[in-house]
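Residues per chain are reported as follows:
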Amino acid sequence: MRLDKYLKVSRLIKRRTIANEACDNGRVSVNGKPARASYAVQIGDMIEIQLGQRTTRVEVVSVAEHVSKDGAEAMYRET
């Protein structure tokens, strides 16, 4: 699954266009390297998101195309 879609489905970022812009501006890194929106997310990847003053670090636990609102938090683990 693409990184921008994963961020939206997991509800780490509200909209896919915002996730795409964050990737383009270098605010999202995967495994310590800046990542493009087209990066293929895999289980075990460490994603770091910098939005404003807030930095969020998560580990990918599962990848799914469609998830309910309650199941979105089960897709990642905060570190």
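Structural data are supplied above this passage.
Small disclaimer: the values here were computed from a predicted structure and weren't measured.

Cut-offs and rules
Residues numbered from 1 in each chain as written. Predicted model: local features only at pLDDT ≥ 70, side-chain atom pairs only at ≥ 80, totals over all residues. Heavy atoms only, no water. Core = buried A, V, L, I, M, F, W, Y, C linked by side-chain atoms within 4.5 Å. Buried < 20%, exposed > 50% of the residue type's maximum accessible area, 1.4 Å probe, protein only. Helix = DSSP H or I, 4+ residues; strand = E, 2+ residues; numbered from the N terminus. Arc of directions from axis to C-beta. Contact = heavy atoms within 4.5 Å. Pairing = 2+ DSSP bridges.

S.K.: Looking at this model, I keep getting lost on the nonpolar core. Mind explaining?
M.R.: Considering soluble globular proteins, one finds that nonpolar side chains tend to be buried as a cluster. Counting residues in each nonpolar core, the largest one holds 21 residues, and the members touching the most others are Leu-3, Tyr-6, Leu-7, Leu-12, Val-28, Ile-47 and Ile-49. Put simply, the parts of the chain that give this core at least two residues each are α1 (3–9), α2 (16–24), β1 (28–30), β3 (46–51) and β4 (54–60). Top contributing element to this core by residue count: α1, with four residues.

S.K.: Please explain α2 as it appears in this structure.
M.R.: In an α-helix, one turn spans 3.6 residues; hence positions three or four apart end up facing the same way. Of the residues making up α2, those classed as buried are Ala-19, Ala-22 and Cys-23. One face of α2 carries all of its buried residues, which in axial projection span an arc of 100°. Counted as exposed and oriented over 90 degrees from the buried face of α2: Thr-17 and Asp-24. On its buried side, α2 packs onto α1, β1 and β3. Of the residues flanking the end of α2, it is Gly-26, one or two places downstream, whose phi is positive at about 75°.

S.K.: Would you take a moment to explain the sheet that holds strand β2 (residues 33–34) for this structure?
M.R.: Across a sheet, strands are paired by hydrogen bonds formed along the backbone, either parallel or antiparallel in direction. One open sheet holds the five strands; their spatial order is β2-β1-β3-β4-β5, and the pairing between them is antiparallel. Across the chains shown, the open sheet's two edge strands, defined by having one partner strand only, are β2 and β5 (76–78). Strand direction decides the pairing type here: β1 and β2, joined by two bridges, are antiparallel. When the sheet's bridge partners are listed, Ser-29 is paired in β2 with Pro-34.

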